[in-house]
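# Examination of the molecular architecture
Residues per chain, in single letters:
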Amino acid sequence: MSFDSVTEKIAHFIGTFDLTIEKARLRDQYEEFTAVRRKAELDELEEPAKIRVKADLELDPGKFGPLPYGFNTPPATPELPPLVEGPDIQTAITLEPPLTDGPPLPETTTGIGTTFIIEQKLEIVTELIGSAVTYTFQNIFLRDNDVVGEGDFRDVDQLIAQAEAAAQVAASMHGFAVPSFSISDYLSIEYVETLAAEMLAPINIEVEGAVVYQFHGEDAMGVIVNGEYVDEAPVWDDLLPEHHRPDEEEEDETPDAMPAEWDQDEDSEFADGHTVIAGGNLAINEVNATVAWVDAPYIAVGGKSIELAMISQVAVVSDTDRGTNGDSGTNVVHSSTIEVEGNSAPWLKQGSSDDDAPAFIHVDWITTDLIVANFVKQNIDATDIDHIDTEINATTTTLYALGDNEMVDVTNILQLGSYYDLIMIEGDMITVDAFIQTHVLMDDDVVTGGLPGPVEGSDENLVMNEVSLKKEGEDTHQEMHSSMAEAMAFGEENMAALEEALMNDPMFAGMEQMRVLKVDGSLVQVNVTEQSTVLADQDDVHLHGQHADETQVIAGSNAMLNAANITKAGVDSVVMAQDGAFSDLLLHQASLIDMPTNEEVSEMTNEAIAAIMAEAGMPGHQGDIAPNGNDLTPSEMANSSDGLQTMLA
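Computed from a prediction, not measured in an experiment: that's the story for all the values here. (Residues numbered from 1 in each chain as written. Predicted model: local features only at pLDDT ≥ 70, side-chain atom pairs only at ≥ 80, totals over all residues. Heavy atoms only, no water.)

### Examining the overall build of the protein
To keep things clear, this is the line we draw: We count a stretch as a helix when DSSP gives it H or I for four or more residues in a row; a strand needs E for two or more, and each element gets its number in order from the N terminus. Should any heavy atoms of two residues lie within 4.5 Å, those residues are counted as being in contact. Here the Shrake-Rupley method, with its probe set to 1.4 Å, supplies the accessible areas, and only the displayed protein chains count as covering residues.
The number of helices and strands found in the protein is ten helices and 32 strands. Here the analysis covers contacts within the protein between residues at least 6 apart in sequence; of these, 91% occur between residues at least 24 apart. Of the roughly 36,000 Å² that the protein leaves accessible, carbon and sulfur atoms contribute 51%.

### Structural notes on helix α5 (residues 189-200)
Condition: Helix span, as expected, comes to 1.5 Å for every residue beyond the first. Three exposure classes are used, based on accessible area relative to the maximum for each residue type with a 1.4 Å probe and protein chains only: buried under 20%, partly exposed in between, and exposed over 50%. Here the arc refers to the set of directions running from the helix axis out to each C-beta atom.
An ideal rise of 1.5 Å per residue puts 16 Å on twelve residues; α5 measures up with 17 Å between its terminal C-alpha atoms. Within α5, the full set of buried residues consists of I189, V192, L195, A196 and M199. The arc that holds every buried residue of α5, seen down its axis, measures 120°, which confines them to one face. The inward-facing, buried residues of α5 contact α4 (183-186), β6 (211-216), β12 (305-318), β21 (429-442) and β32 (581-594).

### Looking at the sheet that holds strand β7 (residues 222-225)
The test is simple: Strands were regarded as paired on the criterion that DSSP finds at least two bridges between them.
Here seven strands make up an open sheet; going across it, the order is β8-β7-β14-β24-β30-β10-β19 and the pairing mixed. This sheet does not close on itself; its edge strands, each paired only once, are β8 (228-229) and β19 (406-419). With four bridges joining them, β7 and strand β14 (residues 330-341) adopt antiparallel strand pairing. Looking at β14, one finds that G222 is bridged to I338.

### A few points about a nonpolar patch on the surface
This is how the line gets drawn: Residues enter a patch when their relative accessible area is above 30% and they make no salt bridge; the linking distance is 9 Å between like charges and 5 Å between nonpolar side chains (Val, Leu, Ile, Met, Phe, Trp, Tyr). Only one rule defines a salt bridge in this text: a Lys or Arg side-chain nitrogen within 4 Å of an Asp or Glu carboxyl oxygen.
A cluster of nonpolar side chains, contributed by V6, I10, F13, I14, F17 and I21, occupies part of the molecular surface with about 600 Å² of accessible area. When you line up the elements, F13 lands in helix α1 (residues 5-43).

### Comments concerning the confidence of the model for the protein
In plain terms, the rule: pLDDT expresses, on a scale from 0 to 100, how confident the predictor is about each individual residue.
Of all residues in the protein, 71% attain a pLDDT of 70 or more, and the chain-wide mean is 79. Low pLDDT (under 50) marks residues 86-124, which in the prediction has 41 contacts with non-local residues, meaning those over four places away or in another chain. Scored below 50 in pLDDT, residues 264-268 makes zero contacts in the model with residues more than four places away or belonging to other chains.

### Some details on the pattern of salt bridges
For the structure on display, the rule yields eight salt bridges. Across the pair E193 and K304 runs a salt bridge whose closest N-O atoms are separated by 2.6 Å. Within this pair, whereas E193 is found in helix α5, its partner K304 is found in the loop between β11 (298-301) and β12, the two being separated by 111 residues in sequence. For E193, a relative accessible area of 33% gives the class partly exposed. Between D433 and K568 there is a salt bridge whose closest N-O contact spans 2.8 Å. Pair noted here: D433 is in strand β21 and K568 is in strand β30 (residues 559-569), with a separation of 135 residues, a long-range link. Grouping residues by exposure puts D433 and K568 together as buried. One salt-bridge network, in which partners are shared between bridges, spans E307, K471 and D475.

### Here we look at the packing of aromatic side chains
Our working rule: Only rings of Phe, Tyr and Trp enter the pairing, Trp through its six-membered ring, and a pair is recorded when the two centres are within 6.5 Å. The plane angle decides the type: under 30 degrees is stacked, over 60 is edge-to-face, the rest tilted. Any Lys NZ or Arg CZ that is within 6 Å of a ring centre and within 35 degrees of that ring's normal is treated as a charge sitting over the ring.
A full pass over the atoms with the stated rule returns nine aromatic pairs. A ring pair is formed by F181 and F375, whose centres lie 5.4 Å apart and whose planes are at 35°; its orientation type is tilted. One end of the pair, F181, is in the loop between α3 (156-172) and α4; the other, F375, is in strand β16 (residues 370-383), and 194 residues separate them in sequence. Accessibility assignment for this pair places F181 and F375 in one class, buried. Here the aromatic rings of Y298 and F508 are separated by 5.4 Å at their centres, their planes lie at 90°, and the arrangement is edge-to-face. One end of the pair, Y298, is in strand β11; the other, F508, is in the loop between α8 (495-503) and β26 (513-519), with 210 residues separating them in the sequence. By relative accessible area, which is 17% here, Y298 ends up buried. Residue placement shows R515 over the ring face of Y420; its charged tip is 4.7 Å from the ring centre.

### Regarding the environment of D459
Within the secondary structure layout, D459 lies in the loop between β23 (451-452) and β24 (461-472). Sequence separation between D459 and N558 is 99 residues; the distance between their C-alpha atoms is 8.4 Å.

### Observations regarding unusual backbone geometry
Glycine aside, the phi torsion of most residues is negative, and most peptide linkages are trans. Of note, the phi angle at N226 is positive, near 50°, even though the residue is not glycine. Its location among the elements puts N226 in the loop between β7 and β8. Given a relative accessible area of 29%, N226 falls into the partly exposed group. In this structure, S557 is a non-glycine residue whose phi angle is positive, near 55°. Locating S557 in the fold gives a position in the loop between β29 (552-554) and β30.

### Details of the environment of A569
The topology assignment puts A569 in strand β30. Here the alpha-carbon distance between A569 and D295, two residues 274 residues apart in the chain, equals 8.6 Å.

### Re the sheet that holds strand β31 (residues 573-577)
Stated precisely, the cut-off is as follows: Note on geometry: axes are lines fitted to C-alpha atoms, helical ones only across the stretch in contact, with angles between N-to-C directions running from 0 to 180 degrees.
Strand order across the open sheet formed by six strands is β15-β26-β20-β11-β31-β25, with parallel pairing between neighbours. Every other strand in the sheet has two partners, leaving β15 (360-366) and β25 (475-477) as the edge strands with one partner each. Averaged over all neighbouring strand pairs, the angle between strand axes comes to 20°, with direction disregarded. Bridging between strand β20 (residues 422-425) and β26 involves four bridges; their strand directions are parallel. The residue bridging I425 from the neighbouring strand is V519, located in β26.

### Let's talk about α3
The condition is simple: For this analysis, a polar contact is any N or O atom pair within 3.5 Å, provided that within protein one partner can donate a hydrogen and the other can accept it, and provided that sequence-adjacent residues contribute only side-chain to side-chain pairs.
Over its 17 residues, α3 runs 25 Å from end to end, which matches the ideal 24 Å to within 8%, given 1.5 Å per residue. All of the buried residues along α3 are Q158, L159, I160, A161, Q162, A163, A165, A166, V169 and A170. For α3, the N-terminal cap is D155; the gap from its side-chain oxygen to the backbone nitrogen of D157 is 3.2 Å.

### Section: the side chain of D428
Tracing the chain through its elements places D428 in the loop between β20 and β21. Engagement of the side chain of D428 in a polar contact is seen with the backbone nitrogen of K304, the distance being 2.7 Å. When near neighbours in sequence (up to four residues on either side) are disregarded, D428 contacts I189, V301, G303, K304, S522 and L523.

### Regarding the pairing of strand β9 (residues 273-277)
One ladder, built from five bridges, connects β9 with strand β18 (residues 397-401); its direction is parallel. Bridge pairing in β18 links I277 to A401.

### Section: the side chain of S591
By the secondary structure assignment, S591 is in strand β32. Excluding residues within four positions of it along the chain, S591 makes contact with M173, G209, A210, V211, A315, V332 and H334.

### Examining the environment of N562
Positionally, N562 belongs in strand β30. It is 6.4 Å that separates the C-alpha atoms of N562 and M464, two residues lying 98 residues apart in sequence. Discounting residues that sit within four places of it in the chain, N562 has contacts with N285, Q437, T438, H439, M464, N465, E466, Q531, S532 and T533. Polar side-chain contacts of N562 include one of 3.0 Å to the backbone oxygen of T438.

The structure is reproduced here in structure tokens:
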């Protein structure tokens, strides 16, 4: 009898269900049966948790008994053993090649002993170094433009355009163009000579109101801060605004005192008081490099030896605050430290009268150019244009944190190579150290109500460019003598002739052995660092309410740092260049500061910014600024322009 489709599906379902239930029931029965069987097996053991293995390992004492042994009693007065007659063999080792020509030295008999001469060749195993090149690009882009409340605020796009124009003005104030980031350019002696020519005739700054200091050659040595020689370079931590300094924790002399983090009776982060933070930004570009790749007390160059050090530091600052809160001010610091310290090669015999030639010479041969270069570019582009119009009526605590951004770029480089006794360079020896640092700060605030904070008079900004170039090992130049010139002509196929020429060179007399680096190309050592920071912090802060006059307003307190610290570790060197040697230093420090303390500079700065914005087609700002900013109404102050905006009127 056949079923219809529905009945057949129901029958299949019932059958499948019964089979599934039966399967589960049988599984339970099987597991129970297995458990009972295992329990029965374990019951036969005395301790189921322990397994004992019994084995009869006793040996037959008649066959494998221990051997009898007894210790002799030492005599009361021990005596030395008698001398053994016979030859006394001594061995002396000398290094090959022998100092005298002729047949091998014979054995020498001295009394009852015999001395054998064993010749052994000293082998030096080194790891040949190559080029070391690093490229580092770091960029930070920040747009933190906050708006709280409604009011007559300045246009953000126009304020950003002013910062961009100021950045173009800062770029035109450098003493030289940014050197190339291409290694191939530095392999061309013509390009390096062009850099040297630019250092001798730096760019003439055409921006009116700019303060420029330039130092050439030996005049650039030492510590120079804002165009003046000082004994010590300023320390960044000591100049920081109060807002960025760590709180000094009072030490509790009570031995059983609880840790400070346990004492949470009062919330230190939100203590009583009213605060508006519209500034307080931290921007840091920092490079730290230690380069000790190759150096030697003697360097022979077949071409030219050129060493250039270039430093250009520029700062453009506009800090013309308006309102009842007064001016914050900005501290601009350009710091340059260039030092050279003598460092004699410790492995050379100082004052030795030994005139013997080196016994062994080991040569590392590089058939191409040897390049040691570090290129670093760090850029921070940030805007923290905050607009706030609010009432402060809270009884205990009010905190508006609109700024307080932290932007940090850090690069650390450590390059360690090898020292040699002599470096022979067939081409040129090029050394270039270039530092380009730029700061642009626009901090033209309009503030009504509140108190300057965190401490009255301490809302000052800090803008600092810092370069430290220290060289360990002083170079002296002299003409190449004829024997070294002959040795320079030998190639790798004439290794024996090269070793013979160096061994007979009186310059290296007194050395036991020599390590030589022979470079068929040029030796190029380059460090180029470009750092730029642009910060627009033009805030509009309008406070009302019964506690507005008690509110601390942090509209400034920005801290900006471009720091480059390069240490070149080496030894004192005698450089012999066949085509001559040239070295030069250039330090360029330029500042354009627009603050109420210098009205003439303010007008000149406005004209410079206006010209840049007109050429770039940037949007302008309409409206004139009143002679006295404190006499403006809040609405007028919101629409008025600061010192850098006047030129747009």
